[in-house]
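Examining the three-dimensional arrangement
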Amino acid sequence: MNISRLLTTLFGIALFLPAFTNAFEDDESCLMCHKYPKMGRVTEEGVQKSYYVMPNVFSRTVHRNVPCRDCHSYIKELPHKPVKEGVTCNSECHSIENPSTGKPFSHEPIYNVFKESVHGREKIAQGLEKDKPYCITCHTNPLYNEAEEAPPKEIVDRCVVCHEDEAFANKWYNHTSRRIREVKRSSKEIVALCSSCHADKELIDRHVKAAAKEGRELGRKFPYAAIAYQDSFHGKVTKYGSTDAANCLNCHASPKNYYMSVHELRPSRDPKSPINKANRVNTCRQCHKTADENYAAIDPHPTHHKEDNLFNYYAEMIYNIVGNIALFGLVGMALFETFGRRRDGVNWVLRAGTSWRRKHRKRRARYSDQ
Ligand code: HEC
Ligand code: HEC
Ligand code: HEC
Ligand code: HEC
Ligand code: HEC
Ligand code: HEC
Ligand code: HEC
C-alpha cells in the first residue's frame, strides 16, 4: 500500500467513525452522560447496575430508531430526577408512526394477547406474579443486525428507479428482508428459555402450593414438564442437535400465526390450546403425517412419578428389582466361583492373554489340565 492510499484510507476511517459510533440520533442528549462506561451504581439490594449505553451497539439493535424517551417516558426533564419506574412495552412511541395505520407505533396488540396468556402480567408485578416472564425476560434487545450485509446492489438500484433516495431503499430493504427470512430461536434456545423457569424446582413448588391454596387448577404435567421433556424422545434428539424434533413451542404454540401465538400460550385445559385433547392430533400431524388419536395420546412429558403415572412408577420399580437381582446374582456367582477356585489353588493373574492360572498344586485338583 503506498503512502497516499494509506492516508486516504485513514482519512476515510476518520470521516466514517463519528457517523458510525452515533449511527442513531441522540436528539435528547442522553449520551452526554450515558456514554461513560463506568456509569452505574449498586442498589439497596446490593445488585450492581450498569447505566452505560454503548452507542455503537445500540445503533445496530432493532430499537435503534426509537428515541430514548419514547421508552423511558418517565424522564421528563434533564438532568433527570432519580427514576424508579420501568419501561413498559405497550406504551406508544411518540416519534414513530405505524405506516399501515398512521397511528403512533406500539406493541399493544402483542401485549394484549400476552395479557390473556398463562404468563400475562404487569410490568411492575407483585408476589408470585413476579415469577412470570415479562417481554424483556425473553427479549433482551440483541444484535439481530450484526451479520446483516449491505442489501444487494441490483435490488436497491431497482427501488431507486422510483424512490430516488438510496437511504430509504436500504432501510426498508433491511426491515423487510429480515422478516421474510425465518429468524427464529433454535430449538435448543427455546428449551433453555422455558426450562429456566419450568425446571426451577423452587419456583414450581411455590406455584403448586399457591394454586392448591387458591383452589386454582394447574396442568397435570406442570410440576414435571421441563425435566420430563429431557427424557422424552423429542428432548433427547434435540439435545444431540436435531432441529426437526418438537421443541416446547412447536406443541404449545400454533404454527399458524406463530409469531403471535408464542405470546398467547394457554394451558392444555383451554380449548384454544394446540395441545388441548381436541387439537392434539393436528399438532402432532405437523410433523408425524400419519398420527392418529392413539399416537397423539403418547405422553410428551413422560415421568415415573407415582402421582403422575402409576404404570411407569411400578414398571420402573419392578425393572429396578429385577435389574438388581440379576446384578447381585451375577456378582455373587462370580464371587463364589473365585472363592472356590482360590481354595483349589487357582489364582487370577493376567498373563499371555489368559487370566486363571494354577500357580502350584497345593490341593486336590478339581479339573484335569488337559
Ligand atoms: C446530566 C447527566 C445525565 C443525562 C443527560 C441523562 N442521564 Fe440518565 N442518569 C444519570 C445519572 C447520574 C443516573 C444515575 C441516577 C441514580 O443513580 O439514581 C442516571 C440513570 C438513568 C437511568 C436508570 C435509573 C434507574 O434507577 O433505573 C435511566 C433509565 C436513565 N438514566 C435514562 C436516561 C435517558 C433516557 C436520558 C435522556 C433523556 C438520560 N438518562 C439523560 C445522568 C444523566
Ligand atoms: C425500546 C425501548 C428502549 C429504548 C429505545 C431505550 N431503552 Fe433504555 N431500557 C429499556 C428497558 C426495557 C430497560 C430495562 C429496565 C426496565 O425494564 O425498565 C432499559 C434500561 C436502561 C438503563 C438502565 C436502567 C436500569 O435500571 O438498569 C439505562 C441507563 C438506559 N436504559 C438508558 C437508555 C438510553 C440512554 C437510551 C437511548 C440511547 C435508551 N435507554 C433507549 C428500554 C429502552
Ligand atoms: C416467554 C418468552 C416471551 C415473552 C414473555 C415475550 N416474547 Fe415476544 N417472542 C418470543 C418468541 C419465542 C418469538 C418468536 C421469534 C423468536 O423465536 O425469536 C417472539 C417474537 C416477538 C416479536 C416478533 C419479532 C420479529 O422481528 O419478527 C415481537 C415484536 C415480540 N416478540 C414482542 C414481544 C412483546 C412486546 C412482549 C411483551 C408483551 C413479548 N414479545 C413477550 C418470546 C417471548
Ligand atoms: C415502479 C416503482 C416502484 C418501485 C420499483 C419500488 N417502489 Fe416502493 N413504492 C412505490 C410507490 C408509488 C409507493 C406508494 C404508493 C403505494 O402506496 O402503493 C411505494 C411505497 C413503498 C413503501 C411504503 C412507504 C410508506 O411510507 O407508505 C415502501 C416501504 C416501499 N415502497 C419500499 C420499496 C422498496 C424496498 C423497493 C425495492 C425493493 C421498492 N419500494 C420499489 C413505487 C415503487
Ligand atoms: C420467567 C419464568 C418463565 C418462563 C421463561 C416461562 N414460564 Fe411458563 N410459567 C411460568 C409461571 C410462573 C407460570 C404460572 C404458574 C401459575 O399459574 O401459578 C407459567 C405457566 C405456564 C403454563 C401453564 C401452566 C398451567 O397449568 O396453567 C404453560 C403451558 C407454560 N408456562 C409454558 C411455557 C413455555 C412453553 C415457555 C417457553 C416459551 C415458558 N412457559 C416460559 C414461568 C415461566
Ligand atoms: C410433543 C409436544 C410437546 C412438547 C415438545 C412439549 N410439550 Fe408441554 N405439554 C404437551 C401436552 C400434550 C401437555 C398436556 C399433557 C397432559 O396433561 O396430559 C403438556 C403440558 C405441559 C405443561 C402443563 C400445563 C398444561 O398446559 O397442561 C407445561 C407447563 C408444559 N407442557 C411445558 C412445556 C415445556 C417447558 C416444554 C419444553 C421444555 C414442553 N412443554 C414441550 C405437549 C408438549
Ligand atoms: C416439530 C415437529 C414435531 C412435532 C410437532 C411432533 N413431533 Fe414427535 N417427533 C418429531 C421428530 C423429528 C421425531 C424423530 C423421528 C425419528 O427420528 O424417527 C419425533 C419422534 C417422536 C416419537 C418417538 C419415535 C417415533 O418415531 O414414533 C414419538 C412417540 C413422538 N414423536 C410423539 C409425538 C406426539 C405425541 C406429538 C404431538 C403431541 C409429536 N410427536 C409432535 C417431530 C415432531
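Being a predicted model, the structure only gives us computed values, none of them experimental.

Only His119 (NE2) and His198 (NE2) from the protein reach the iron atom of ligand 5 as donors, at distances of 2.0 Å. One can describe the donor arrangement at the iron atom of ligand 5 as octahedral, given that its six donor atoms subtend angles of 86 to 179 degrees at the metal. Of this pair, His119 sits in the loop between helix H5 (108-116) and helix H6 (135-138) while His198 sits in helix H9 (residues 187-198), and the two are 79 residues apart along the sequence. The class for His198 is partly exposed, based on a relative accessible area of 27%.

Glancing now at the site of ligand 6. The full set close to ligand 6 counts 20 residues, and Cys248, Cys251, His252, Ser268 and His301 are the nearest of them. Elements that contribute at least two residues to the shell around ligand 6 include exactly H9, helix H11 (225-231) and helix H13 (248-252). For the shell around ligand 6, the leading source of residues is H13, giving three residues. Residue composition of the shell around ligand 6, by class: ten nonpolar, seven polar and three charged.

On to the site of ligand 3. Around ligand 3 there are 17 residues in total, and Cys135, Cys138, His139, Arg178 and His263 lie nearest to it. Separating a nitrogen atom of ligand 3 from a side-chain N or O atom of His139 is a distance of 2.8 Å. Between an oxygen atom of ligand 3 and a side-chain N or O atom of Arg185, the distance comes to 3.0 Å. When residues of the shell around ligand 3 are traced back to their parent elements, those giving at least two are H5, H6 and helix H8 (166-180). Per element, the largest residue contribution to the shell around ligand 3 is three residues, and it comes from H5. A per-class count over the shell around ligand 3 returns ten nonpolar, three polar and four charged.

Taken as a whole and assessed by the stated rule, the structure comprises zero disulfides. No disulfide involves Cys93; its nearest neighbouring cysteine sulfur is the one of Cys71, lying 6.2 Å away. When its relative accessible area of 11% is taken as the criterion, Cys93 is described as buried.

By size, the foremost hydrophobic cluster in this structure holds eight residues: Ile190, Val191, Tyr229, Cys248, Leu249, Ala253, Tyr258 and Leu265. Listing elements by their share of this core, those giving two or more residues are H9 and H13. Once residues lying within four places of it in the same chain are set aside, the contact partners of Ile190 are Arg185, Asn247, Cys248, Leu249 and Tyr258.

What follows concerns the side chain of Asn276. With respect to the helices and strands, Asn276 occurs in the loop between helix H14 (258-261) and helix H15 (280-285). In terms of polar contacts, Asn276 uses its side chain to reach the backbone carbonyl oxygen of Ser268, at 3.0 Å.

Turning next to the packing of aromatic side chains. As enumerated under the stated definition, the model contains five aromatic pairs in all. Centre to centre, the rings of Tyr111 and Phe114 are 6.2 Å apart; their planes meet at 45 degrees, and the pair counts as tilted. On the criterion of helical spacing, the pair formed by Tyr111 and Phe114 is a turn pair, its members being three residues apart in helix H5. In this structure, Tyr111 and Phe114 share a single accessibility class: buried. When the ring of Tyr313 is compared with that of Tyr314, the centres are 5.1 Å apart and the planes differ by 75 degrees; the resulting orientation is edge-to-face. Relative accessible area serves as the criterion here: at 25%, Tyr313 is assigned to the partly exposed category.

Helix length check: H9, at twelve residues, gives a terminal C-alpha distance of 16 Å against a target of 16 Å (1.5 Å per residue), a fit within 8%. Those residues of H9 not exposed but buried are Ser187, Ile190, Val191 and Ser195. Projected onto a plane normal to the axis of H9, the buried residues spread over an arc of 120 degrees and lie on a single side. On its buried face, H9 sits against H11, helix H12 (233-239), H13 and H14.

On to the pattern of salt bridges. Within the structure shown, the criterion is met by 13 salt bridges. Residue Asp131 is joined to Arg206 by a salt bridge in which the shortest nitrogen-to-oxygen separation is 3.1 Å. Taken together, the residues Asp131 in the loop between H5 and H6 and Arg206 in helix H10 (residues 201-214) connect sequence positions 75 residues apart. Owing to a relative accessible area of 37%, Arg206 belongs among the partly exposed residues under this scheme. Arg266 serves as the salt-bridge partner of Glu264, at 3.3 Å between the closest nitrogen and oxygen. One salt-bridge network, held together by shared partners, links Glu264, Arg266 and Asp270.

Another aspect to go through is the environment of Lys221. Along the chain, Lys221 falls in the loop between H10 and H11. Taking the relative accessible area as the measure of exposure, Lys221 reaches 11% and is therefore buried. The spatial distance from the C-alpha of Lys221 to the C-alpha of Pro302 is 9.1 Å, given a sequence separation of 81 residues. Here Lys221 is in contact with Asp299, His301, Thr303 and Asp308, once residues within four sequence places are set aside.

Let's shift gears to the confidence of the model for the protein chain. For the protein chain, mean pLDDT is 84; residues scoring 70 or higher make up 87% of the total. Averaged over each element, pLDDT in the protein chain is lowest for helix H1 (residues 3-21) (41) and highest for H13 (96). pLDDT under 50 marks residues 6-22. Its contacts with residues more than four places away, or in other chains, come to eight contacts.

What counts, and at which threshold
- Every chain is numbered on its own, with residues counted from 1 as its sequence reads.
- Chains carry letters from A onward and ligands carry numbers from 1 onward, assigned in written order.
- Predicted model: local features are reported for residues with pLDDT of at least 70 only, side-chain atom pairs are reported and counted for 80 or more only, and whole-chain, interface and lining totals are derived from all residues.
- Water and hydrogen atoms were dropped before computing side-chain values, which therefore reflect all heavy atoms in the structure.
- A 2.8 Å cut-off from the metal defines N, O and S donors, relaxed to 3.2 Å for Na, K and Ca; water is not in the atom list, so some sites may appear incomplete.
- Site shape is set this way: if four donors have all angles between 85 and 135 degrees, tetrahedral; if opposite donors are over 155 degrees apart and all others between 65 and 115, square planar for four donors and octahedral for six; otherwise irregular.
- Only runs of H or I of at least four residues qualify as helices and only runs of E of at least two qualify as strands under DSSP, and these elements are numbered from the N terminus.
- Each residue is assigned to one of three classes by its accessible area relative to the maximum for its type, calculated with a 1.4 Å probe on protein chains only: buried under 20%, partly exposed between the two thresholds, exposed over 50%.
- Any residue with at least one heavy atom within 4 Å of a molecule or strand is counted as near it.
- Each residue is assigned to one class: nonpolar for Ala, Val, Leu, Ile, Met, Phe, Trp, Tyr, Cys and Pro, charged for Asp, Glu, Lys and Arg, and polar for all the others, Gly among them.
- Nitrogen and oxygen atoms within 3.5 Å of one another constitute a polar contact, given that in protein one can donate a hydrogen and the other can accept it, and given that sequence-neighbouring residues count only through two side-chain atoms.
- Working definition: a disulfide is two cysteine sulfur atoms within 2.5 Å of each other.
- What we call a nonpolar core is a set of buried Ala, Val, Leu, Ile, Met, Phe, Trp, Tyr and Cys residues that are connected through their side-chain atoms within 4.5 Å.
- When checking whether two residues touch, look at their non-hydrogen atoms; a contact exists if any pair is within 4.5 Å.
- To pair, rings of Phe, Tyr and Trp, with the six-membered ring standing in for Trp, must have centres within 6.5 Å; the planes then decide the type, stacked if under 30 degrees apart, edge-to-face if over 60, and tilted in the middle.
- In this analysis, the expected span of each helix is defined as 1.5 Å times one less than the number of residues it contains.
- Throughout, the arc means that of the directions going from the helix axis to the C-beta atoms.
- Any Lys or Arg side-chain nitrogen found within 4 Å of a carboxyl oxygen on Asp or Glu counts as a salt bridge.
- One confidence number per residue, pLDDT, is output by the predictor and ranges from 0 to 100.

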